[in-house]
Amino acid sequence: MKFVLSTSFSSVADLTALAPVADETGWDAMSFSDHVVNPETLSTPYPYTDDGSRRWEPFTDWPDPWVTIGALSTITTRLRFTNNIFVLPMRNPYLVAKAISTAAVISNNRVTPAFGVGWSKDEFELMQQDFHTRGKRTDEMLEIMRLLWTGEMVEYQGKHYQFAPMEMNPAPTAPIPLWVGGISDPAMKRAARLADGWVTDLQPSSEIIESIKRIKGWRADYGRADMPFEIMATPSDAWDPDGYKRLEDEGVTHILTMPWPFYHGESQELAHKIDGIRRFADDVIARCQ
């Protein structure tokens, strides 16, 4: 089992201190959440809580993931970087492909982008992207980015995006694995059909395991059952090696977690975060290898 450090809601000022500690203590990767803005009032309710309230307070830091990853890759040596989740279709696909490929080159191929289609119509409107076609556009964007990352002269003709032959460089020197997040049927089918992995939400282990079984079935339908596939899970009811082992037996390859609340509650003190990263590595990661 591999472990991924969640940095959601952390001050951006803390990240340069946290990344080297995770790098040296056995964490596999560091993950970043994604919002461009945080509207005071939402026109669509937040979908991941029962009452539609957001999981964060106003004025929480939301650093740009790819600027952050490029910077942190220069002060780490083995730590990988991913997302939970990067909202792909509210962006221009060419700018996203450029940002990710540049981060891949700078980090020596230590990036695993994890994409979702998003839920905030407000942000889509601000970014001038169509909210209602976001799923179909995501399918095309995944194909486009893989083409552009070859560094070769490529072209594309889709319903939403078309371009004549062109190339994008610098190109990564190894394939960039793509994960897809989301707990709806379309999201999980997208992961099964087009991605190299799937990312859960904060869910009970039983729901995660049931989703994995469904994804395995769809992957078989798409003729992809024999291809490598990773799963990053955030279980709401597993916090120790035994709980993680049960998920690993069902196909989970990565656990996304924020360790300092286990030891220091909801503290935002940098010293508590560093201590939590180190203690979790000793208490859990070392026992799951």
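Residues numbered from 1 in each chain as written. Predicted model: local features only at pLDDT ≥ 70, side-chain atom pairs only at ≥ 80, totals over all residues. Heavy atoms only, no water.

**Notes on the overall build of the protein**
Looking only at helices and strands, the protein has ten helices and twelve strands in total. A compact globule built from 289 residues should have a C-alpha radius of gyration of about 19 Å, and the protein, at 19 Å, falls within 12% of that. Put simply, the protein has 289 residues, and 51% of those count as buried. Counting only contacts in the protein whose residues sit at least 6 apart along the sequence, the fraction spanning at least 24 positions is 69%. For the protein, the computed accessible surface area is about 13400 Å², with 52% contributed by carbon and sulfur atoms. Counting 28 positive and 40 negative side-chain charges, the protein places the centres of these two groups 4 Å from one another. (Helix = DSSP H or I, 4+ residues; strand = E, 2+ residues; numbered from the N terminus. Rg over C-alpha atoms; globule rule 2.2 N^0.38 Å. Buried < 20%, exposed > 50% of the residue type's maximum accessible area, 1.4 Å probe, protein only. Contact = heavy atoms within 4.5 Å. Areas by Shrake-Rupley, 256 points an atom, 1.4 Å probe, with all protein chains shown as cover. Lys, Arg positive; Asp, Glu negative; His and termini not counted. Charge placed at Lys NZ, Arg CZ, Asp CG, Glu CD.)

**Some thoughts on the pattern of salt bridges**
Inspection of the entire model under this criterion finds eleven salt bridges. A salt bridge links Asp-201 to Arg-55, with the nearest nitrogen and oxygen atoms 3.5 Å apart. Taken together, the residues Asp-201 in strand 10 (residues 197-203) and Arg-55 in the loop between strand 2 (29-32) and helix 2 (65-73) connect sequence positions 146 residues apart. Judged by its relative accessible area of 34%, Arg-55 falls in the partly exposed class. Shared partners join several salt bridges into a network, and the residues in it are Asp-139, Arg-190 and Arg-193. (Salt bridge = Lys/Arg side-chain N within 4 Å of Asp/Glu carboxyl O.)

**So, the nonpolar core**
Residues Phe-3, Trp-27, Met-30, Tyr-244 and Val-252 are the most contacted members of the largest nonpolar core, which totals 65 residues. Non-local contacts of Tyr-244, meaning those with residues more than four positions away in its chain, are made with Met-1, Phe-3, Pro-235, Ala-238, Trp-239, Ile-255, Phe-280, Val-284 and Cys-288. Core analysis: the next-biggest nonpolar cluster, separate from the first, contains eight residues, Ala-29, Ile-85, Trp-179 and Leu-256 among them. (Core = buried A, V, L, I, M, F, W, Y, C linked by side-chain atoms within 4.5 Å.)

**Here we look at the sheet that holds strand 3 (residues 80-83)**
Strands sit in the order 4-6-9-10-11-12-1-2-3-5 across an open sheet of ten strands; the sheet is parallel. Two strands bound the open sheet, and with one partner strand each, they are strand 4 (86-87) and strand 5 (111-112). Together, strand 2, strand 3, strand 4 and strand 5 form the strand contacts of helix 2, whose direction differs from that of strand 3 by roughly 170 degrees. (Pairing = 2+ DSSP bridges. Axes fitted to C-alpha atoms, helices over the stretch in contact; angles between N-to-C directions.)

**Digging into the packing of aromatic side chains**
Tallying each qualifying case throughout the model produces 16 aromatic pairs. Taken together, a centroid distance of 5.8 Å and an interplanar angle of 80 degrees make the contact between Tyr-94 and Phe-163 edge-to-face. Taken together, the residues span a long stretch of sequence, with Tyr-94 in helix 3 (residues 93-106) and Phe-163 in strand 8 (residues 162-166) at a distance of 69 residues. Take Phe-163: its relative accessible area is 7%, and that puts it in the buried class. Each residue in the set Phe-9, Tyr-46, Tyr-48, Trp-56, Trp-62 and Trp-119 is aromatic and connected to the rest through ring pairs, giving one cluster. A cation over a ring is seen here: Arg-134 above Phe-131, with NZ or CZ 3.9 Å from the ring centre. (Phe/Tyr/Trp six-rings, centres within 6.5 Å; stacked < 30°, edge-to-face > 60°. Lys NZ or Arg CZ within 6 Å of the ring centre and 35° of its normal.)

On their own, these measurements won't tell you what the molecule is for.
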